Amino acid sequence: MALKNKYLIDLLETVKKRNQGEPEFIQAVTEVIETLEPVIEKRPDLVEAGVLDRLVEPERQIVFRVPWVDDNGKVQVNRGFRVQFNSAIGPYKGGIRLHPSVYIGIIKFLGFEQVFKNSLTTLPMGGGKGGSDFDPKGKSDGEVMRFCQSFMTELCKHIGADTDVPAGDIGTGAREIGYMFGQYKRLRNEFTGVLTGKGLTYGGSLARTEATGYGLCYFTDEMLKANGKSFQGKTVVISGSGNVAIYATEKATALGAKVVALSDSNGYIYDPDGIDLACVKQLKEVERKRIKEYVATHPNATYTEGCKGIWTIKCDIALPCATQNEIDGESAEILVKNGCWCVSEGANMPSTPEAINTYLANGILYGPAKAANAGGVATSGLEMSQNSERLSWTFEEVDAKLHGIMVSIFKACESAAKEYGMEGNYMAGANIAGFLKVAEAMKAQGCV
Ligand code: NDP
């Protein structure tokens, strides 16, 4: 989409100059700025208040050394990050990613997206994100613990239940959150809801583990219904086999679909009989093994090396749930050619700009990540509420609230897109609806 508004063109140029070497961050900002053009035309007051100029610059970026000792007694050093992006509508909130690909540009793109996503949830949460280039894969529990303790030793100076509340993301599951929470408690001598995604015995919320995957399906189901369709009897391809992919598979199956493929960073499995989720949970959640082990016990299933090929499998609905930019323009073309008519995003920014253009040009129903995967952070918000009340809600209560939030997010995207003349473009709707709430709060709070 080519921008016409001079102010936005100049702003994007500044962002590009100021953030050189951070292509993922520039990609995320470009997408939002392009879809906000009609809002900016209508709201000169927001330009005058410098809302967008401030919104594209994180409030604070913390980069730190994370030294730890491996099982051989050797000192290892990783780099830790926390980007506190925007606190206009609440304390910073966003996950911690542990993956070798992590650098400041990845954390900034995720933090920027988080601002809009958190706004869409209707809950009072600002946006932030953190992480490290540490790779938990292949490390012993002791090594993971020592890393997490070292990471939290620095991070604890910058976070707090009313300041910044991190959570899980790629590579950060219940084990890592547990070690980080323990260290925070030891250092600060306080038991507060400083992290979400905690274990159920120490302040975690029921349904948080399932929330992002379930929420993705609730959002998608609402989008399908609004367009006279449903999951019933449809063939679904899901990438990844981590937290989001597993629970998206569970809910999509419960809603009547057949999920035929899953992947990890080495390759993908295709099971024409439908994925046996109990087996995947055992492999991934308990044994921490690779997805290719699945075929050893499922003779009708096949395993193929490499991630990209998963998008050549014929399906009605594709749910990318692994990582950023995993569907490029070429894969999107193949999906369309094979009859796929819906793409809804569990991962953050899994589609390149070329892929998104292909969806929009071919009338694909497209659920953008900011809206479609907001169920995880929404349920983290519900965990914070339970921690503040010192109460625990039932699974059914949390799940019902999650469902209600995902329906309301879809409606907000649908109506914002319509109001600004882009009916059916839920990406534009999500960006606009998420932006407006934050923008009003920033304007009201003055130039801070
Ligand atoms: P997990 O670590 O549980 O799982 C990630 C999955 O994606 C694994 O199967 C992993 O394979 C695969 N993967 C990771 N990186 C790559 C890569 N570079 N190339 C190919 N495959 C890759 O993470 P989550 O399920 O929690 O997160 C998945 C996505 O969902 C991320 O984009 C995350 O930001 C997003 N998300 C997560 C939320 C949550 O609540 N957890 C909330 C909202 C969004 P392997 O095991 O081989 O690394």
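Being a predicted model, the structure only gives us computed values, none of them experimental. (Residues numbered from 1 in each chain as written. Predicted model: local features only at pLDDT ≥ 70, side-chain atom pairs only at ≥ 80, totals over all residues. Heavy atoms only, no water.)

A. Expanded view of the packing of helix α15 (residues 375-389) against helix α16 (residues 395-419). With their axes 10 Å apart at the nearest point, α15 and α16 run at an angle of 135° to one another. If you check the angle between α15 and α16, you find them oblique. Read as a crossing pair, α15 and α16 show a hand that is right-handed. Contacts between α15 and α16 pair G375, A378, T379, L382 and Q386 from the former with V398, K401, L402, I405 and M406 from the latter. Of the residues belonging to the contact of α15 with α16, the class tally is six nonpolar, three polar and one charged. (Axes fitted to C-alpha atoms, helices over the stretch in contact; angles between N-to-C directions. Helix = DSSP H or I, 4+ residues; strand = E, 2+ residues; numbered from the N terminus. Parallel < 35°, antiparallel > 145°, perpendicular 65-115°, else oblique. Left-handed = near helix turned anticlockwise from the far one by under 90°. Contact = heavy atoms within 4.5 Å. Nonpolar A, V, L, I, M, F, W, Y, C, P; charged D, E, K, R; others polar.)

B. Spatial organisation of the site of the ligand. Inspection of the region around the ligand gives 25 residues, with K137, D169, T212, S265 and R290 positioned closest. Contacts to the ligand include R208, whose side-chain N or O atom sits 3.1 Å from an oxygen atom. Look at the ligand: alone it shows 890 Å² of surface, and the protein chains cover 84% of it. For the shell around the ligand, the secondary structure elements donating two or more residues are α9 (208-226) and α10 (243-254). Here the residues of the shell around the ligand are counted per class, giving six nonpolar, 13 polar and six charged. (Near = heavy atom within 4 Å. Polar contact = N/O pair within 3.5 Å; in protein donor to acceptor, adjacent residues only side chain to side chain. Areas by Shrake-Rupley, 256 points an atom, 1.4 Å probe, with all protein chains shown as cover.)

C. Representation of the side chain of K370. Among the secondary structure elements, K370 is positioned in helix α14 (residues 369-372). With relative accessibility at 4%, the residue K370 sits in the buried group. A distance of 3.0 Å separates a polar atom in the side chain of K370 from a polar atom in the side chain of E31. Reaching out from K370, the side chain makes a polar contact with the side chain of E113 at a distance of 3.4 Å. Residue contacts for K370: discarding those within four places in its chain leaves E31, V32, E113, F116, K117, L120 and N431. (Buried < 20%, exposed > 50% of the residue type's maximum accessible area, 1.4 Å probe, protein only.)

D. How the structure looks around the sheet that holds strand β1 (residues 60-69). Taken in spatial order, the five strands make up an open sheet running β1-β2-β4-β3-β5, and their pairing is mixed. Each edge of the sheet is formed by a strand with only one pairing partner; in this case those strands are β1 and β5 (164-167). Neighbour to neighbour, the strand axes of the sheet diverge by 20° on average, direction disregarded. Alignment of strand β2 (residues 75-86) against strand β4 (residues 127-132), held across six bridges, turns out to be antiparallel. (Pairing = 2+ DSSP bridges.)

E. Representation of the pairing of strand β8 (residues 267-270) within the structure. With three bridges connecting them, strand β7 (residues 258-263) and β8 associate as antiparallel partners. The partner of L262 across the bridge, within β8, is I269. In textbook terms, the turn of a hairpin is the stretch between consecutive antiparallel strands, and for β7 and β8 this stretch comprises three residues. In this structure, β8 lies alongside strand β9 (residues 302-305), joined through four bridges in antiparallel fashion. When the bridges of β9 are listed, Y268 appears paired with T304.

F. Local environment of unusual backbone geometry. Here the phi dihedral of T122 falls at roughly 75°; this positive angle occurs in a residue that is not glycine. Mapped onto the fold, T122 is located in the loop between α6 (104-120) and β4. At N189, a position not held by glycine, the phi torsion is positive, near 55°. Mapped onto the secondary structure, N189 falls in the loop between α8 (174-188) and α9.

G. Spatial organisation of the pairing of strand β6 (residues 235-238). Where β6 and β7 come together, three bridges link them in parallel fashion. Bridge pairing in β7 places V237 opposite A261. Considered for its hand, the β-α-β crossover made up of β6, α10 and β7 is right-handed. Examined bridge by bridge, β6 and strand β10 (residues 317-319) share three bridges and lie parallel to one another. Pairing of I238 across the sheet is with L319, part of β10. (Right-handed = clockwise from strand over helix to strand, strands pointing away.)

H. Up close: the pattern of salt bridges. Scanning the entire structure with this criterion turns up 25 salt bridges. With a closest N to O distance of 2.9 Å, K308 and D328 form a salt bridge. With K308 in the loop between β9 and β10 and D328 in the loop between β10 and α12 (329-337), this pair connects stretches of sequence that are 20 residues apart. Assessed through its relative accessible area of 23%, D328 is described here as partly exposed. (Salt bridge = Lys/Arg side-chain N within 4 Å of Asp/Glu carboxyl O.)

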